[in-house]
Amino acid sequence: ATLVEWYQDRGQINRFKRASMPTKEGFMVETFWLAYFDSFNEAFYEPWNAFSGNTKDTKVSIYTIYIDEIVSGEIKLFWDENGVRYDIKLDSESDDYLKKVLSVYMPILKERYGDDSVRFENVVGRLPRLYIKYSDKPFNWLYTATPREITKFAKEMFDDAWGLRWGLEETAIKIYEKVPA
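What comes next is a walk through the structure. (Residues numbered from 1 in each chain as written. Predicted model: local features only at pLDDT ≥ 70, side-chain atom pairs only at ≥ 80, totals over all residues. Heavy atoms only, no water.)

## Notes on the pairing of strand β3 (residues 83–91)
Alright, step 1. Counting buried residues along β3, seven of its nine residues qualify, which places the element largely inside the surrounding structure.
Alright, step 2. The pairing of strand β2 (residues 72–80) with β3 spans nine bridges and is classified as antiparallel. Looking at the pairing, Ile75 lines up with Ile88 of β3.
Alright, step 3. Between β2 and β3, which pair antiparallel in sequence order, lie two residues.
Alright, step 4. Where β3 meets strand β5 (residues 129–135), six bridges bridge the pair, whose relative direction is antiparallel. Of the residues in β5, the one forming a bridge with Tyr86 is Ile132. (Buried < 20%, exposed > 50% of the residue type's maximum accessible area, 1.4 Å probe, protein only. Helix = DSSP H or I, 4+ residues; strand = E, 2+ residues; numbered from the N terminus. Pairing = 2+ DSSP bridges.)

## Brief notes about the pairing of β5
Alright, step 1. As paired elements, strand β4 (residues 118–121) and β5 share four bridges and run antiparallel to each other. Residue Phe120 lies in a different strand from β5, and its bridge partner there is Leu130.

Function cannot be inferred from these measures alone, as they are strictly geometric.
Below, the structure is given as structure tokens:
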């Protein structure tokens, strides 16, 4: 086939693909996390993935930061009309990992976020979780904020969330390096 025939055939196939438009919420979720927030993750920022067509129609905006050194786990960032909160869990067979890390790190967290904004939950049969309220700013704030305000908020949240990740990981390393093998 000639190059022209190849393009014509490809055009026939792609012409009938159905494109869907994201909702306003889906568009803002993708815009905030992939265009604003991720842009501060310079080493791994991939601007070509923003607006990839995988927008989620959701009223809750979610982003995940993985913890993967001595302990593995994740920090999920949730943003909805109640504000921004972090849900932290470590993936481990034992619930002792997060408890040990928090025995050292909890005073720092309470000073940083306030006593009422930090809650540790340890339910039998589930991995323990730490919940942190980061901000009361509702997600719909994005609809009226200027690009400069959004950039500033994204940078502050990025620095805070990744600072939390590195702080938890650093504390775990200190604790588990002291434990004899």
